[in-house]
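Listed below are the residues making up each chain.
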Amino acid sequence: MGSKRPARRQFLKSGAALAGGFTFGAAAPAIGQTHHSPPMIKEGKDQIAYGDRSPHVTSVRIAHGGRPSPDNWGLTFHVATPLQDSVGVITPSSLHYMGTTRGSFLPDIDPREHRLMIHGLVDRPLTFTIDDLKRLPSVTRLHFIECAGNRSSRRAKNVQETHGMTSCAEWTGVLLSTLLKECGLKSGASWFVAEGAEEVKGASSMPIAKAMDDCILAYGMNGEAVRPQNGFPLRLMVPGFEGIFHTKWLRRIKVVDRYYMNYNDYGHLDRDPKVAALDYQIGPKSVITFPSAGQQLPGKGFYELSGLAWSGGGAIKLVEVSTDGGRRWNKAEIKGTAQRMAHARFGYMWNWDGQETELQSRCTDELGQVQPSRAQIAKYWNRPFDATFSVPGLDNSIQPWKIAGDGSVTNGFA
Amino acid sequence: MASLKVLALALLMGASVLAQSPTRLRADASSGQAYGVGRTPTAEEIRAWDISIGPTGEELPPGRGTVREGAALYRSTGCAGCHGATAIDGKAPILKSKAPPNVDVWARGRILPLRAPFATTVWDYINRAMPLNREGTLTPDQVYSLTAYLLFINDVIREDEVLDATTLPKVKMPIGNDYALLPEWKPRTHRLKGYPH
């Protein structure tokens, strides 16, 4: 401290001399910053109209699963969210993950021209404009979406690669049940097919019971219109079901009396009914996003471990964290009120002693479903838990992060 | 005072009208609609929009196709350009199994004209999604023929079979019933009965 005093005095002198035409020379240290103005961000009309993030914030999505987006044909395939940089529970729309079955071009849809048709086993087929839909009672809810391919592997280098195919946003729209009541369901109506307007016209079969429970036709996302990458002007939200069901650019709903075996349905088939069930409604799942693989702890001491927990079964009721490789589990704090089928942010104050260890998190949802370790899953299936074991259905297993003595963090499956 | 009481009563009555359930405020009680928003499409509009072909094939249009015509169309409509002349040598997904027919169908790859439980799914997908950038330009006859060709090269149908709205839904796919049906879904229940995770 003593050595800095002369420098401070010198700075104060020069600062007085330069009052008005402020320059911050190499001789002046960072002390006395109240007199210092940072450089300016040059803003054009575009930034005034629609703001940018700081140039120092560089967190971006990455192509997932080895296939580039856009690919050779200009199709978007799978793109993962940078969960390692996430705070709170809302994924910014620009960073929301994307997934398509065949790959898709991004359709440029004029919302004034767009129509939703509901037909099939209904008393009154109806078509709606977006403005029609906005006249009807709306709901605004937080919901996550997760891709069936969101699976950790030993090769994954960070949480974006292990878990980045899930995101959470605030969605606004009309309940599908409201529209189906307008149309009137005929007897025998047991499934519905939802279809997008993109060039591939992706379509999936879903149970009418889900439509009448909580599906949303969403035109709003995070306080503005749904982004084109997320289905502008209208997308179907199927809370807690695998991502493929959340039909983007929604143009048509056909009420039918059987599973319709669309291309997406066929691609989703399993041989074992148990695996099929586990590839449908998403199980309880959580991951620590800080510290996570690829990050570095500067030294021992207190850190708030932070992460996300979610379940297709409802709201998260409990999150536990282990800082000793799963021997002891400690209750984490859920930030705010956990919502149904939404990411919940959790935190846990950890005093790192500087020793090598392993961090894990696990969650329990409102149904009492508990996130399992891979060893527990292997035990259920009566299979040996070794390098060849692959989690059947959507992988909701506990993710271990290894903390080395030097503070580096790596994937515990590696 | 009396007039104030009347006013208060009127306000209360007004509030009770506003608080009525939507079913009491039906735009048109006879239609069953609560809000009366939206427009009734014509039968013609529904036919034009409805490209879903379900397992029964009830929506299939008239027309017919053969393996021979399909083989020619596979080259002339551009399929071969992306999927390869032999259907296994292109940049787009392969359309023919590399494994012989005696191998278990689940081990022969996720190939639509082989793994699909219904041939109608093959017709539906070619019709809605192919060729890339020219979706919806194939005629029903062309789609029947291309479906026939892809089923033939995967040993699902014979070379002389003709596909139309009657024969296509009857094609026996190699998978038979050997695939899982989804469980009946109910809200607020475990994703798999008896599974704690």
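These numbers were taken from a predicted model, which means no experiment stands behind them. (Residues numbered from 1 in each chain as written. Chains lettered and ligands numbered in written order. Predicted model: local features only at pLDDT ≥ 70, side-chain atom pairs only at ≥ 80, totals over all residues.)

What follows concerns the overall build of chain A. The helix and strand inventory of chain A stands at nine helices and 22 strands. For chain A, the spread of C-alpha atoms along the three principal axes comes to 85 × 60 × 45 Å. Taking all 414 residues of chain A together, the buried fraction comes to 46%. Relative to all contacts within chain A whose residues are 6 or more apart in sequence, the contacts with residues 24 or more apart total 69%. (Helix = DSSP H or I, 4+ residues; strand = E, 2+ residues; numbered from the N terminus. Buried ≥ 20, exposed ≤ 12 C-beta atoms within 10 Å, placed from the backbone. Contact = placed C-beta atoms within 7 Å.)

Counting residues at the interface gives 46 residues for chain B and 60 residues for chain A. Broken down by secondary-structure element, the contributors of at least two residues to the side of chain B that touches chain A are α2 (43-49) and α6 (119-129) of chain B. Top element by residues in the side of chain B that touches chain A is α6 of chain B. It accounts for five residues. Split into classes, the residues belonging to the side of chain B that touches chain A amount to 25 nonpolar, 10 polar and 11 charged. (Nonpolar A, V, L, I, M, F, W, Y, C, P; charged D, E, K, R; others polar.)

Looking now at helix α7 (residues 140-153) of chain B. Residues and elements named next belong to chain B. Between its first and last C-alpha, α7 extends 20 Å over 14 residues, near the 20 Å set by a 1.5 Å rise per residue. Across the 14 residues that make up α7, a large majority, 11, are buried. Tucked into the core, α7 has its buried residues touching β1 (64-66), α3 (67-76), α5 (112-115), α6 and β2 (162-164). Of the residues trailing α7, D155 is marked for its positive phi of about 60°. (Expected span 1.5 Å × (residues − 1).)

With that settled, the discussion passes to the environment of A107 of chain B. Relative to the helices and strands, A107 of chain B is located in the loop between α4 (79-83) and α5. Spatially, the C-alpha atom of A107 of chain B lies 9.6 Å from that of S97 of chain B, the residues being 10 residues apart in sequence.

Before going further, it helps to spend a moment on the nonpolar core. If you look at the biggest cluster of nonpolar residues, it comprises 128 residues, and the most contacted ones within it are F192 and L217 of chain A together with L151 of chain B. Considering each element in turn, this core owes the most residues, nine residues, to α7 of chain B. When residues of this core are assigned to domains, at least three map to each of domain 1 (116-269) and domain 2 (285-411) of chain A. Setting aside residues up to four positions removed in sequence, F192 of chain A forms contacts with M206, I208, A211, I253, K254, V255 and V256 of chain A. (Core = buried A, V, L, I, M, F, W, Y, C linked by C-beta atoms within 7 Å. Domains from an automatic or database assignment.)

Our next topic: the packing of α6 of chain B against α7 of chain B. Residues and elements named next belong to chain B. Two elements in contact, α6 and α7, have axes separated by 9 Å at closest approach and are oriented at 125°. Here α6 lies oblique to α7, going by the angle between them. The chirality of how α6 crosses α7 is right-handed. Each of A119, V122, W123, I126 and N127 in α6 lies in contact with α7, whose residues at this interface are V143, L146, T147, L150 and L151. Classifying every residue of the contact of α6 with α7 gives eight nonpolar, two polar and no charged. (Axes fitted to C-alpha atoms, helices over the stretch in contact; angles between N-to-C directions. Parallel < 35°, antiparallel > 145°, perpendicular 65-115°, else oblique. Left-handed = near helix turned anticlockwise from the far one by under 90°.)

Moving on to the environment of E135 of chain B. The topology assignment puts E135 of chain B in the loop between α6 and α7. E135 of chain B sits in the partly exposed class, given 17 other C-beta atoms within 10 Å. Ignoring anything within four residues of it in the chain, the contact list for E135 of chain B reads E199 of chain A together with R128, A129 and M130 of chain B.

Confidence in the prediction of chain A, expressed as mean pLDDT, is 92, and 92% of residues score 70 or more. Below pLDDT 50 for its whole length, residues 1-26 of chain A participates in 16 contacts with residues either more than four positions away or in separate chains. (pLDDT = per-residue confidence, 0-100.)

Our focus in this paragraph is unusual backbone geometry. Negative phi characterises most residues that are not glycine, and trans characterises most peptide bonds. Between S69 of chain A and the following residue, P70 of chain A, the backbone shows a cis peptide bond with an omega angle of -10°. Tracing the chain through its elements places P70 of chain A in the loop between β1 (62-63) and β2 (76-80). Cis rather than trans, the peptide bond between F290 of chain A and P291 of chain A has omega equal to -5°. One can find P291 of chain A in the loop between β14 (285-290) and β15 (301-310). Backbone geometry places M261 of chain A, a non-glycine residue, at a positive phi of 50°. Of note, M261 of chain A is situated in the loop between β13 (250-256) and α7 (263-267). With a phi angle near 80°, N133 of chain B is a residue other than glycine that sits in the positive phi range. Its place among the elements puts N133 of chain B in the loop between α6 and α7.

A few words on the domain arrangement of chain A. Residues and elements named next belong to chain A. When the domains of chain A are assigned, the result is domain 1 (116-269) and domain 2 (285-411). On a C-alpha basis, the centres of domain 1 and domain 2 stand 29 Å from each other. Opposite the 18 residues of domain 1 that make contact, domain 2 presents 17 residues. At the level of secondary structure, the elements contributing two or more residues to the side of domain 1 that touches domain 2 comprise β6 (139-146) and α4 (159-163). Within the side of domain 1 that touches domain 2, the residues separate by chemical class into eight nonpolar, six polar and four charged.

Here we come to the pairing of strand β3 (residues 98-104) of chain A. Residues and elements named next belong to chain A. For β3, the buried fraction is high: five of the seven residues fall into the buried class. Relative to β3, β2 is paired through three bridges, and the arrangement is antiparallel. Bridge assignment links H78 to a residue of β3, and that residue is G99. (Pairing = 2+ DSSP bridges.)

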